[in-house]
Amino acid sequence: MSLNTVDDEGERMVVRRTLTAVELFAGIGGFRIACDSLGIKTIWANDMKVNACGVYRNQFGDKEFHEGDIKLLKSEIPENFDILTAGFPCQPFSSAGKKQGVFDTRGTLFRDICEVVNEKRPKAFVLENVKRILGMQKGETFKTILTELGKLDYQIEWRIINARSFGLAQNRERILIVGIRNDVHTDQQILHTEPVQDYASLSTTKTSNLKSHKNAFSFWGRINGTEVIEQKLKSGVADFGDSLLKDFLQKPSEVPARFDFTESTIKRLGGDTNVTRDKFVHGVEILSNQEGGRRMGYTIFGENGIAPTLTATTSRIYERYKIGNKYRILTNIEYGRLQGFADNHCQFHTDVEGVITELTPYEQYPLYGNAVPPDLVKWGIEIAMRHILN
């Protein structure tokens, strides 16, 4: 943390704290955008996927960016930074021997995060992952994560939150895990948004021992040593508002013909163009769902709801939407908008030699699909920031 001293006409001195961040598994810079918007200076960032690295370098320069395997580079991470961020890959942990319920994090990227936190001791960390991690391996994966994080000197809470809370027309639920170092943490709640004096008094709260915890974890929780407190909170941390998919679409004149799948879709529908199922699931308008819900174009969505969760998988990229009187897939630009990025965020790639190339739309899809929406993680970073500054 640096201190910038400003002389206000000789009458008083204003001290402004500039927080610093290290960004692991940076991707295309969702955490970076969030930190920049809060005035937090990113002093070191890392990823190893070539296209993601090229986009990050093109958007933010290469001064703080270090491309390569974090296992080989983590010794270069500077000392004395305030916040560590990471959208870490979702890796199942292997069983350690024959003893049931014991999982081994050695060799995983999550273990690298724990080692960096333990060695560098930032004042806070903010981690992001997919919702399903709460139930992977019948809850054993997340129990292992909490066990490892519980060994660190931090107060820790997790919460599932939905991108819809931040004006994005996408049903994207993600988990944020926030840790505040014990000598920094106040008695305030971290990710629980409602004032609570006594968690045990809440009807939907359960308390258990981490070692004996069974099955999936709830949408919100905190750990205190080996004690786990959980509550079935909703994923909306703010009103979802009225943003719809159609508000994020490009104008018809801006959409190239290669995104149009009208002819093949009508054939798949058996020539029936009167698709008006009018069904909404979690805000997503579903017009047609053939073959028992199979993907790769079998589900057709409408523009009057929100988008389903965008991912990097080919099946999601080729899902059809009825927009006006045509059937098409979302464009790469629309993918970016629904994730909270500028239209051209992933357009260009800058390699380690400084050579700039243009990425194709199909190279951009997985970059956006794997990204963290900046405003979603900003919510968690801002909470961590308040704890540090208080």
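Just so it is clear, the structure is predicted and the values come from calculations on it, not from any experiment.

Cut-off values and rules
Residues numbered from 1 in each chain as written. Predicted model: local features only at pLDDT ≥ 70, side-chain atom pairs only at ≥ 80, totals over all residues. Heavy atoms only, no water. Helix = DSSP H or I, 4+ residues; strand = E, 2+ residues; numbered from the N terminus. Expected span 1.5 Å × (residues − 1). Buried < 20%, exposed > 50% of the residue type's maximum accessible area, 1.4 Å probe, protein only. Pairing = 2+ DSSP bridges. Axes fitted to C-alpha atoms, helices over the stretch in contact; angles between N-to-C directions. Contact = heavy atoms within 4.5 Å. Salt bridge = Lys/Arg side-chain N within 4 Å of Asp/Glu carboxyl O. Core = buried A, V, L, I, M, F, W, Y, C linked by side-chain atoms within 4.5 Å. Parallel < 35°, antiparallel > 145°, perpendicular 65-115°, else oblique. Left-handed = near helix turned anticlockwise from the far one by under 90°. Nonpolar A, V, L, I, M, F, W, Y, C, P; charged D, E, K, R; others polar.

### Side note on helix H4 (residues 109-120)
Link 1 in the chain: Taking 1.5 Å of rise per residue, the 12 residues of H4 would be expected to cover 16 Å, and the 17 Å separating its terminal C-alpha atoms lies within 8% of that figure.
Link 2 in the chain: Along H4, the residues that are buried comprise Leu 109, Phe 110, Asp 112, Ile 113, Cys 114, Val 116, Val 117 and Lys 120.
Link 3 in the chain: Two residues or fewer after H4 comes Arg 121, characterised by a positive phi angle close to 50°.

### Points about the sheet that holds strand S17 (residues 299-302)
Link 1 in the chain: Taking strand neighbours across the sheet as the criterion, the 5 strands line up as S15-S16-S17-S18-S19 in an open arrangement whose pairing is mixed. In this open sheet, the two strands that pair with only one neighbour each are strand S15 (279-281) and strand S19 (326-328). The sheet shows a mean angle of 40° between the axes of neighbouring strands, taken without regard to direction.

### A look at helix H1 (residues 30-37)
Because an α-helix completes one turn every 3.6 residues, residues spaced three or four positions apart along the sequence face the same direction.
Link 1 in the chain: Of all the residues in H1, the buried ones are Gly 30, Phe 31, Arg 32, Ala 34 and Cys 35.
Link 2 in the chain: Where the residues of H1 are buried, they touch strand S3 (20-24), strand S4 (41-47), helix H2 (50-60), strand S6 (83-86), strand S9 (124-130) and helix H10 (374-389).
Link 3 in the chain: Among the residues trailing H1, Gly 39 stands out with phi positive, at a value near 80°.

### Here we look at the pattern of salt bridges
Link 1 in the chain: Taken as a whole and assessed by the stated rule, the structure comprises 20 salt bridges.
Link 2 in the chain: Across the pair Arg 32 and Asp 36 runs a salt bridge whose closest N-O atoms are separated by 3.3 Å. One end of the pair, Arg 32, and the other, Asp 36, are both in helix H1, 4 residues apart, so they sit about a helical turn from each other.
Link 3 in the chain: Since its relative accessible area comes to 39%, Asp 36 is described here as partly exposed.
Link 4 in the chain: Ionic pairing is found between Glu 319 and Arg 316, a salt bridge with its closest N-O pair at 3.3 Å. When sorted by exposure, Glu 319 lands in the same class as Arg 316, which is buried.
Link 5 in the chain: Linked by salt bridges that have partners in common, Lys 71, Lys 74, Asp 112 and Glu 115 make up one network.

### Some remarks on the nonpolar core
Generally speaking, nonpolar side chains in soluble globular proteins are found buried as a group.
Link 1 in the chain: Counting 62 residues, the largest nonpolar core has Ile 28, Ile 40, Ile 83, Val 126, Leu 330, Leu 338 and Ile 381 as the members making the most contacts within it.
Link 2 in the chain: At 8 residues, H10 tops the list of elements feeding residues into this core.
Link 3 in the chain: With residues near it in sequence (within four places) discarded, Leu 330 still touches Leu 245, Leu 249, Phe 259, Leu 310, Tyr 321, Tyr 335, Leu 338 and Tyr 365.
Link 4 in the chain: Residues Val 22, Leu 146, Leu 149 and Val 228 belong to the second largest nonpolar core, which totals 37 residues.

### Section: the packing of helix H8 (residues 332-339) against helix H9 (residues 361-369)
Link 1 in the chain: Between H8 and H9, the shortest axis-to-axis distance is 9 Å and the interhelical angle comes to 15°. For the element pair H8 / H9, the angle class is roughly parallel. Handedness of the crossing formed by H8 with H9: left-handed. Within the contact between the two elements, H8 uses Asn 332, Tyr 335, Gly 336 and Gln 339 and H9 uses Pro 361, Gln 364, Tyr 365, Tyr 368 and Gly 369.
Link 2 in the chain: Grouping the constituent residues of the contact of H8 with H9 by class yields 4 nonpolar, 5 polar and no charged.

### Quick look at the packing of H4 against helix H5 (residues 140-150)
Link 1 in the chain: It is the contact of H4 with H5, at a shortest axis distance of 10 Å, that shows an interaxial angle of 20°. Regarding the angle of H4 to H5, the classification is roughly parallel. Here H4 and H5 pass one another in a crossing that is right-handed. Between H4, through Phe 110, Arg 111 and Cys 114, and H5, the contact on the second element is made entirely by Ile 145, Glu 148 and Leu 149.
Link 2 in the chain: Split into classes, the residues belonging to the contact of H4 with H5 amount to 4 nonpolar, no polar and 2 charged.

### Topic: the pairing of S9
Link 1 in the chain: Along S9, 6 of the 7 residues are buried, which leaves the element largely enclosed by surrounding structure.
Link 2 in the chain: In the sheet, S6 pairs with S9 via 4 bridges, with the strands oriented parallel. Bridged to Leu 84 within S9 is Phe 125.
Link 3 in the chain: Taken together, the 7 bridges between S9 and strand S11 (residues 173-181) define a ladder with antiparallel strand orientation.

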